[in-house]
Amino acid sequence: MIMTGPFIVSVSFVYLGLLFAIAYWADRRADQGHPVTGHPTVYALSLAVYCTAWTFYGSVGRAADSGLGFLPIYLGPTLIALLWGSLLLKMVRVSKSERITSIADFIASRYGKSQALAGLVTVIAVIGVVPYIALQLKAIAWSFTILQHYPEVRMPDHTALPLWRDTAFVVALLLAAFTILFGTRQLDASERHEGMVAAIAFESIVKLVAFLAVGLFVTLGFLGLGGPEPPNPVENARLATLLKPLLEPSLAPFQDWFAISLLAGLAVILLPRQFQVAVVEISDERHLRRAIWLFPLYLLLINLFVIPIAIAGLTTFPDGRVDADTFMLTLPIAFAQPWLALLVFLGGLSAATGMVIVETIALSTMVSNDLILPALMRHWRRQPPAADLGRLLLDIRRGAIVLVLVLGYLYYRFAGEAYALVSIGLISFVAVAQFAPAVIGGLYWRGGTREGALAGLLAGFLVWIYTLLLPSFARSGWLPPAFMDSGPGGMDLLAPLALFGLVGWNEITHGLFWSLTANLGAFLLVSSLREPNAVEATQARLFVDALRQRHPTSLPLWRGRAEIAELMALTERFLGVARTREAFARHARARGIADPARLPADAETVAFAETLLSGAIGGASARVMVASVTEEEALGLDEVLDILDEASQVRAYSHELEQKSQALEAATADLRAANLSLTELDRMKDDFISSVTHELRTPLASIRAFSEILFDDPRLDLAQRKRFLGILVSETERLSRLVNQVLDLAKIESGHADWRTEAVTLQEVIEQAVTATGQLVEDRGIQVRLDLPAQPALVWGDRDRLIQVLVNLLSNAAKFAPAGSGELGVKLSQSMARGTDPGDPPWRVCVSDNGPGIPPAELELVFEKFRQATIDGAKPAGTGLGLPISRQIVENLGGHIWAENAPQKGANLCFELPAHPVDPFDHKAPL
Amino acid sequence: MSKRILIVDDEPNIVISLEFLMMREGHEVRVARDGEAGLAAVRTHRPDLVVLDVMMPKLDGFAVLEAVRADPTLAGTRILMLTAKGREAEQNKGLALGADAYMPKPFSTKALVEKVKELLASTD
């Protein structure tokens, strides 16, 4: 079988045709609502667009050159994949809610939707990545040429071919067609490209199969089953030197391992094509879970046979005439395996085309949205644009696709075999690694500002140009090589490969270190110059807190005047009438409004229109466009922070709020109750004062009347004079008693009374009280009977106060007992133990009289102030405060007092006090 | 000229002083110790003037006043209210219910005697 040019071209065409068919089929299925991208495995496979022709062919080359040096490029992504659950999930959530279309859009959105930032990111991406596209084209052309010489193993000589015979050019055109067809079906770049993703996933399978096929072929050969012979190092000393790094792998130098792992780990999410497949094209964030293990597994499989293939290559082509980068293809040719060679060619073609297609879509979106559109928008300010901007935008994007591919092709043609092209893989990675501080910092730190991000990117990018891009130019002979070693003007400190005297590091490690240091330093330093402004703070919240909400949404932080009709008209110009109407109708329904035209032109609607436009023209441009039809008032940072605080707190503390409101309700109820009782107390105080004044006026009236009578009437006889003076004396006594008792009661009630607490024997108290009231009792001709137990009744209390209680009860009883035939009884007893009170049962004292008794309705009232029962319709002498004071005293001593009617006649006033335990060593206690 | 005066009060000493003052003026004095007895005495003895306390057991002064004013046969009865409750509201209430005069306790004996004279003079 002869691998002629036309045959290979035909196979290539058939293969690309297959890709078109798969993409077409997947798009159709998506249109019918059954997207193949709904499957998580498809998502994980599409991520493998990471493995380009550079890795497909280059891994073996790197391994042949430096042993395990190829491994960090896969190790890094594997390790970083462990962080995807947070890092990538945040990026996905934010991008979905903000309709983010590219890495440039992402960074610009994070820092206040800045067009300048988006433009800078785009420029860096284009400069960093276009040579990488060139490399893919070169790999295709190379592999084509090598395969064409089958069965001869011959390196391609780079004679410039005319364009139409240049495979790279033809392939570039085909890829442009594919990308335009499947990448610009719709204007909304935030929508998924199902066809393209399906084709990419398919290509990932093809390149893996091709790689594994070569690996198996080589390994089987080593095992003596045909194919290449295992090397015998002893036979050939030179071969031994060649194989040394492979057979005795070493991790040294460590810093290179670390740097390249980090670099690759960052690139796998920051490369425009990786952002495209991982973030923009994801259909369900749950797909991440499978990708987290399936993608590393893919990387492991595709690297499994790198070392055996490298060993086989070095053994088979020991003279160094064959480039190690081509071993994948030249080994099958050398061992006369045309089909295997063809499969490898297709694998390489898959790797290259997959990369070129996705990278081109990503870059063209960025170039059209973030470079061309802003320029056009400036132009539109002077000259109003055409009505249908949607078509124009699609054409711009298609033009950008062609432009990116043409640039890639031109670089390939121009650089040819130059070092600047061959080494571009990792250099490209370092360029996109410059996005890391802005992206990762933006996802985990709220303090970043637009200027900080700009400064960081610019600093990192300039250092990248100086330490990596220019030296690669110098090595290609485009710049004087001396500049690399000695720096400009002979300043060694500024030598691009040994900046500030840092020597001994790999060129990539060196460049990565200095560019990221400059980048991060400038980012942090400039960000710290000012607080984030309103828009930045809003976006920071959205990005940093993305994991707290399943669908993070920006708060409608907007204030100003807008017309719904103008907003719709603006959107229609980009998205077309039908899509706009549909989207606004959906939004209106979600807000419970039937007619979209009746939507309030408020912050929410403006934010909705802006997000809608973002999907088509990017966040930064959308912001400018929306601002052009609305009159926005600047929101101060304080206001924004207030709103943000409120929003986050509302969520975080709603539970607490609920609790607080319950507590508040309880407190309100308490207060209401307290207020009620205060009102009641106030009323009682008023009543009390009113009663006191009444009680004071009554004796005062007598005193005044008799004083005036005595004063005015000198002719009064002596007996009458004496009688009146007697009344004066008794009324004065009554008055002072009343004053004393009011003060006494006030003192006890306010808690200011001095209580002497001591062990008191109730027998003594009763006897003293009886003695004190002896005169009164005797005057009224009343008998007193005492019924006291022999056992001392000990209580804990104030002796004088207890005597006061007894005196009150006795004089009270004496008043009600009929004069002459009155009988009072005082009974002291230990009451029946009640309830579960531990210890001795309380002591009870009852004072009984044989008077009229107390009406049942008044039994409780007698203890209230100024409530006096009447005796036979007449008012008894006394202040009406004796019993209330007694109650206060008894209750203060932990007892209680009550009134009851005796079974026969008269009233019983009783109180109980807790018994004090008898001290066995007290001399008063009976032995 | 002698008039019939009824004193209705539950404070014995005040009753004694009022009784003394009225008798010194040459009036015929009767005493009641509570509202009910007072009202009964007004109906049976038809006094020219009642010195009526407000705070009393059984029936208070206002109730007695109302009952007297509600009885047209007692229309000529002059009523002087005495009370230890000095608030203006009480005074207004008494006057509104038809008391002829209202004096707070403690009262001036001279003013009381003058007031009684004045009220009795108007009956003629």
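On a predicted model such as this, the values are computed, not experimentally measured, just so you know. Sequence order as written defines residue numbering, which begins from 1 separately in each chain. Just so you know, chain letters begin at A and ligand numbers begin at 1, following the order they were written in. Where local features are concerned, this predicted model is filtered to residues with pLDDT of at least 70; where side-chain atom pairs are given and counted, the filter is 80 or more; whole-chain, interface and lining totals use all residues.

A. Expanded view of the overall build of chain B. Each helix and strand counted, chain B has five helices and five strands in total. Ordered by position from N to C terminus, the α and β elements of chain B give β-α-β-α-β-α-β-α-β-α. Throughout, a pair of residues is in contact if the C-beta atoms placed from their backbones lie within 7 Å. Pairs at least 24 apart in sequence give 61% of the contacts found in chain B among residues at least 6 apart. By the criteria applied, helices consist of DSSP H or I runs no shorter than four residues and strands consist of E runs no shorter than two, each listed in order from the N terminus.

B. Structural detail: the overall build of chain A. A tally of helices and strands in chain A yields 34 helices and nine strands. Taken over 927 residues, chain A has a buried fraction of 47%. In chain A, the proportion of contacts linking residues at least 24 apart, taken out of those at least 6 apart, comes to 80%. Any residue whose C-beta has 12 or fewer other C-beta atoms within 10 Å is treated as exposed, any with 20 or more as buried, and any in between as partly exposed, C-beta atoms being built from the backbone.

C. Quick look at the interface of chain B and chain A. Listed by partner, the interface residues are 21 residues for chain B and 18 residues for chain A. A total of six residues in the side of chain B that touches chain A trace back to one element, the largest contributor, which is helix 1 (residues 12–24) of chain B. Grouping the amino acids of the side of chain B that touches chain A by side-chain chemistry returns nine nonpolar, five polar and seven charged. Gly is placed with the polar residues, together with every amino acid not listed as nonpolar (Ala, Val, Leu, Ile, Met, Phe, Trp, Tyr, Cys and Pro) or charged (Asp, Glu, Lys and Arg).

D. Molecular detail of the sheet that holds strand 2 (residues 28–32) of chain B. Residue and element names in this part refer to chain B. One open sheet accounts for five strands, arranged 2-1-3-4-5; its pairing is parallel. Every other strand in the sheet has two partners, leaving strand 2 and strand 5 (101–104) as the edge strands with one partner each. Across this sheet, the average inter-strand angle for adjacent strands is 20°, counted without regard to direction. Strands are treated as partners if at least two bridges between them are detected by DSSP. Bridge count between strand 1 (residues 4–8) and strand 3 (residues 49–53): four bridges; the pairing is parallel. Across the sheet, the residue bridging to Ile5 is Leu49, located in strand 3. Against the sheet, helix 5 (residues 109–121) touches strand 3, strand 4 (78–83) and strand 5, its axis set at about 160° to strand 4. To define axes, lines are fitted to C-alpha atoms, for helices over the stretch in contact only, and angles between the resulting N-to-C directions are given on a 0 to 180 degree scale.

E. Spotlight on the sheet that holds strand 9 (residues 907–913) of chain A. All names here are of chain A. Pairing in this open sheet of five strands is mixed, and the strands run 4-6-7-9-8 from one edge to the other. Two strands bound the open sheet, and with one partner strand each, they are strand 4 (783–787) and strand 8 (896–901). Across the sheet, the mean angle separating the axes of adjacent strands is 15° when strand polarity is ignored. As paired elements, strand 8 and strand 9 share six bridges and run antiparallel to each other. Bridge pairing in strand 9 links Glu900 to Asn908.

F. Examining the confidence of the model for chain B more closely. All names here are of chain B. The predicted model of chain B has a mean per-residue pLDDT of 87, with 96% of residues at 70 or higher. Ranking the elements of chain B by mean pLDDT puts helix 4 (residues 88–96) last, at 78, and strand 1 first, at 93. Interface scoring of the predicted complex returns ipTM 0.93; its pTM is 0.60. Looking at any residue, its pLDDT shows the predictor's confidence there, from 0 to 100.

G. Spatial organisation of the packing of helix 2 (residues 35–45) of chain B against helix 3 (residues 61–70) of chain B. Residues and elements named next belong to chain B. The geometry of helix 2 relative to helix 3 is characterised by a closest axis approach of 9 Å and an angle of 20° between their N-to-C directions. Between helix 2 and helix 3, the angle is such that the two are roughly parallel. As helix 2 runs across helix 3, the sense of the crossing is right-handed. In contact with Gly35, Gly38, Leu39 and Val42 of helix 2, helix 3 contributes Gly61, Ala63, Val64, Ala67 and Val68. A breakdown of the residues in the contact of helix 2 with helix 3 according to their chemical character gives six nonpolar, three polar and no charged. Every angle not falling under 35 degrees, over 145, or within 65 to 115 is termed oblique; those three ranges are roughly parallel, roughly antiparallel and roughly perpendicular. Handedness of a helix crossing follows the sense of rotation of the near helix relative to the far helix, less than a right angle counterclockwise being left-handed and clockwise being right-handed.

H. Up close: the nonpolar core. Residue and element names in this part refer to chain A. For the purposes of this analysis, a nonpolar core is taken to be any set of buried Ala, Val, Leu, Ile, Met, Phe, Trp, Tyr and Cys residues that are connected through C-beta atoms within 7 Å. Counting residues in hydrophobic clusters, the biggest one holds 212 residues, and the most contacted among them are Ile107, Val121, Leu263 and Leu270. With 21 residues, the single largest contributor to this core is helix 7 (residues 115–148). Domain delimitation in this document rests on an assignment produced automatically or drawn from a domain database. Shared between two domains, this core holds at least three residues of each, these being domain 1 (5–448) and domain 2 (555–635). Non-local contacts of Ile107, meaning those with residues more than four positions away in its chain, are made with Leu117, Val121, Phe435, Ala438, Val439 and Ala453. Ranked by size, the runner-up nonpolar core spans 41 residues in total, among them Leu745, Val760, Leu824 and Phe911.

I. Molecular detail of unusual backbone geometry. Cis peptide bonds are those with omega within 30 degrees of zero, and the linkage from Lys105 of chain B to Pro106 of chain B qualifies with -10°. Among the structural elements, Pro106 of chain B can be located in the loop between strand 5 and helix 5. With phi around 55°, Ala336 of chain A is a residue other than glycine that occupies positive phi space. Along the polypeptide, Ala336 of chain A turns up in the loop between helix 15 (327–334) and helix 16 (338–382). Unlike most non-glycine residues, Arg46 of chain B shows phi in positive territory, near 45°.

J. Summary view of the packing of helix 19 (residues 424–433) of chain A against helix 23 (residues 507–527) of chain A. Residue and element names in this part refer to chain A. Interaxial distance between helix 19 and helix 23 falls to 10 Å at its minimum, and their mutual angle equals 10°. With respect to each other, helix 19 and helix 23 are oriented roughly parallel. Counting all contacts with helix 19, which are made through Leu426, Val430 and Ala433, the residues of helix 23 involved are Ile508, Gly511, Leu512, Ser515 and Leu516.

K. Focus on helix 31 (residues 762–772) of chain A. All names here are of chain A. Every buried residue of helix 31 is accounted for by Leu762, Val765, Ile766 and Ala769. Considered in projection along helix 31, the buried side chains sweep an arc of 95° and stay on one side of the axis. Its buried side turned inward, helix 31 meets strand 3 (758–761), strand 4, strand 5 (794–797), helix 33 (799–816), strand 6 (823–830) and strand 7 (843–849). Regarding the arc, it is the one traced by the directions from the helix axis to the C-beta atoms.

L. Geometry of the environment of Ala141 of chain A. All names here are of chain A. Looking at the secondary structure, you find Ala141 in helix 7. Assessed through the 22 C-beta atoms surrounding it within 10 Å, Ala141 is described here as buried. Put simply, Ala141 and Asp166 are 25 residues apart on the chain and 7.5 Å apart in space, counted from C-alpha to C-alpha. Every residue in contact with Ala141, bar those within four places of it in the chain, is listed here: Asp166, Thr167 and Ala168.

M. The arrangement of the environment of Leu776 of chain A in detail. Residues and elements named next belong to chain A. The residue Leu776 is located in helix 32 (residues 774–779) in this model. Expressed as a C-alpha distance, the spacing of Leu776 and Ala814, which sit 38 residues apart in the sequence, is 7.7 Å. Not counting chain neighbours up to four residues away, the residues in contact with Leu776 comprise Ser811 and Ala814.

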